[in-house]
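# Report on the structure
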Amino acid sequence: MNLFRKKSIEKIVQDAEAGMSDGHSASGMKRVLGVKDLTFMGIAAVVGAGIFSTIGTAAFHGGPGISLLFVITAITCGFSALCYAEFASRVPIAGSAYTYAYVTFGEVVAWIIGWALILEYAIGNIVVAISWSGYFVNLLEGFHIHLPGWLSTNFEQAQQGYDEAMAHLASGGTQATFSKLARIGYDAITNAPMIGNWRVILNIPALVIVVLITMLVYRGIKESKRSTNLMVIFKIIVIIFVIILGSFYVDTSNWVPFMPNGFKGVLAGVSAVFYAYIGFDAISTTAEECKNPQRDLPKGMIYSLIICTVLYILIALVLTGMVNYSELKVDDPLAFVFERLGLHKIGYIISISAVVATTSVLLVFQLGQPRIWMSMSRDGLLPKKFSNVHPKYGTPAFATIVTGIFVGVPALFMSISRMTDLTSIGTLFAFVLVCFGVLVLPRISPDVKKKAFSLPYINGQFIIPALAAIFVYFGQNRIKEAFGAFGTESYQEILYLVFVFILLIVALFSFIRKYSVIPVVGAMCCLYLMIEIPPVSWLWFFIWMTIGLVFYALYGSKKSLLAKK
């Protein structure tokens, strides 16, 4: 059994141009997306929970220096985006990194990538749905509408709030002076109905928004496109307004020190900052709904990444300039800084924008996940039902419904803790393989090459080894500390040593085979960001991947269309 059997790019392109979907079945999907739509979709996926939520935690750890991390992450994503762009233009079908891995590394690696992308899309969307619920509840409270605590949170968060409330009361406080978390948690625990010994605590708003978004995505790509474009226009206007207005309240003394916890403190926000960028690759899952995927997909990716990076950097500087970085560890940092300065009406506007922003992220991710499952199903790695396209709406109907259930039900019960780390690992893993995949792309015919976007070739024979030597030179102290950590529980440093070993191997192969600079640098940057994510999240990632490989061994490897051929 050949686990590394590959698909032919030429056959895929020919079938796509003939109106077929990857050579397996008639597509039936509607080509309605242009460059503007793809750019807006990219902005919709990127500007969401990150800019309205996780940026606060990152700023708390890194101070104003977090703006540098946005630059580093943007450059990393930029290298990855260029690699995605070449793949997206040469393999113009749905499936994203999964399909790209299939034509370069083979079937088993493609399966691993597809399984990892579930972490990015499905689990990432659970986080966004829970975040949306929090913003929505805050917005309702601004209009003096209070949902019962047991209908607007999950048990873990309710218990945390309840414990905080009890400690507050024990110290002489009153219910009137509860924090928001304590108030909701106290209300949920004390008033939740009981079923046996189980308290009924459900995040109903999170489920409702997932159901509504799933219905919209099921209905069709045109409706999704219009909704996305309107939401993106609104939230960009609000963000630009926040940047301009906030700049008048910036106190430059808050920028000193620029990196209060050193560069290590800045890197502590890797997961939170990278979480802000996940999703730009979701554009590539819509390849079969693009008017001209080989021209428009690369442009949409690059344009959206540039726009979002500029907005993130400006927001980071304004936030850390308006208040001291130590005050920003809150769920709604943008609204918080204006309320902190007494501008409560602006806080309400931001809350509205946050609801819209996270809605658009949900929409794009709910678009992406079914299309990946559809591609995997076409290849026989998932049941055939997942590749069914609705005859009227032209959407992967069954896969869309399953995605809604997969996201909506856990959002009722689960907490956000650790999920951003898992989502970031899954996404970075996909980026690493896409960047390395460009290096082993098969040659294409001149006709296809004329249409396709191609990465500029920069000979890395001497550049990559030189960069590796510079990295080792400046990191020699950490390398020594990492070797000293053997036999202790410092798994983070062991991950660092693994990265250094891979870097030296890649530098050696780059010298021998003259690899191009852009994909190699992109892959190594993503890999470095991965090793900065806490080891406990790696453990859960490996457990998840093991489950996926077991499923592939029992089902996918036997049902694969390539296996039958």
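What you are looking at is a predicted structure, and each value in this text was computed from that prediction instead of being measured.

The next thing to look at is the nonpolar core. By size, the foremost hydrophobic cluster in this structure holds 157 residues, and its most contacted members are F52, Y277 and I315. Residue contributions to this core peak at 22 residues, all from helix α6 (residues 107-142). Excluding anything up to four places from it in sequence, Y277 contacts V46, F70, T73, A74, C77, L305, T309 and Y312.

One side chain can pair with another of opposite charge once the charged atoms of both are near each other. Scanning all chains against the criterion turns up 2 salt bridges. Put simply, R5 and E107 hold a salt bridge, and the shortest N to O gap is 2.7 Å. Of the two residues, R5 sits in the segment before α1 (9-17) while E107 sits in helix α6, which places them 102 residues apart along the sequence. The class for R5 is buried, based on a relative accessible area of 12%. Between R478 and E532 there is a salt bridge whose closest N-O contact spans 3.0 Å. Separated by 54 residues along the polypeptide, R478 in helix α20 (residues 476-484) and E532 in the loop between α22 (517-531) and α23 (535-559) bring together distant segments of the chain.

Where helix α2 (residues 35-46) contacts helix α15 (residues 344-378), the axes come no closer than 7 Å and their chain directions differ by 115°. Relative to α15, α2 is oriented roughly perpendicular. Where α2 crosses over α15, the two elements pack in a sense that is left-handed. Counted together, M41, A44 and A45 of α2 and A357, S360, V361, V364, F365 and L367 of α15 form the full contact between these two elements.

It is worth spelling out a nonpolar patch on the surface at this point. Taken together, the side chains of I195, W198, I401, I405, V409, F413 and M414 make up a nonpolar region of the molecular surface, amounting to roughly 650 Å² of accessible area. The greatest single-element share of the nonpolar patch, amounting to 4 residues, is contributed by helix α16 (residues 397-413). Mapped onto the elements, F413 comes out in helix α16. On the basis of relative accessibility, which here comes to 40%, the residue F413 falls in the partly exposed class.

Turning to unusual backbone geometry, a few remarks are in order. Negative phi values dominate among residues other than glycine, just as trans dominates among peptide bonds. The linkage connecting V256 with the following residue, P257, adopts the cis geometry, with an omega of -5°. Looking at the secondary structure, you find P257 in the loop between α10 (221-247) and α11 (262-267). At H144, a residue that is not glycine, the phi angle is positive and equals roughly 65°. With respect to the helices and strands, H144 occurs in the loop between α6 and α7 (155-170). For H144, a relative accessible area of 69% corresponds to the exposed category. For K514, which is not a glycine, the phi torsion comes out positive at approximately 60°. Mapping K514 onto the fold places it in the loop between α21 (491-513) and α22.

Across its 35 residues, α15 extends 52 Å between first and last C-alpha, which sits within 8% of the 51 Å expected from 1.5 Å per residue. Of all 35 residues making up α15, 30 are buried, and the element is well covered by its neighbours. Two residues or fewer past α15, G380 is found with a positive phi of approximately 90°.

Moving on to the packing of aromatic side chains. Using the criterion set out here, one finds 24 aromatic pairs in the structure. Judged by centre distance (4.8 Å) and plane angle (20°), the ring pair of W115 and W544 falls under stacked. Taken together, the positions of W115 in helix α6 and W544 in helix α23 put the pair 429 residues apart, joining distant regions of the chain. Neither residue differs from the other here; W115 and W544 are each classed as buried. Joined through ring pairs, the aromatic side chains of W111, W115, W544, F551, Y552 and Y555 make up one cluster. R478 extends its terminal NZ or CZ atom over the ring of Y496, reaching a point 4.0 Å from the ring centre.

Rules used in this analysis
Residues numbered from 1 in each chain as written. Predicted model: local features only at pLDDT ≥ 70, side-chain atom pairs only at ≥ 80, totals over all residues. Heavy atoms only, no water. Core = buried A, V, L, I, M, F, W, Y, C linked by side-chain atoms within 4.5 Å. Buried < 20%, exposed > 50% of the residue type's maximum accessible area, 1.4 Å probe, protein only. Helix = DSSP H or I, 4+ residues; strand = E, 2+ residues; numbered from the N terminus. Contact = heavy atoms within 4.5 Å. Salt bridge = Lys/Arg side-chain N within 4 Å of Asp/Glu carboxyl O. Axes fitted to C-alpha atoms, helices over the stretch in contact; angles between N-to-C directions. Parallel < 35°, antiparallel > 145°, perpendicular 65-115°, else oblique. Left-handed = near helix turned anticlockwise from the far one by under 90°. Patch = residues over 30% accessible without salt bridge, like charges linked within 9 Å, V, L, I, M, F, W, Y side chains within 5 Å. Areas by Shrake-Rupley, 256 points an atom, 1.4 Å probe, with all protein chains shown as cover. Expected span 1.5 Å × (residues − 1). Phe/Tyr/Trp six-rings, centres within 6.5 Å; stacked < 30°, edge-to-face > 60°. Lys NZ or Arg CZ within 6 Å of the ring centre and 35° of its normal.

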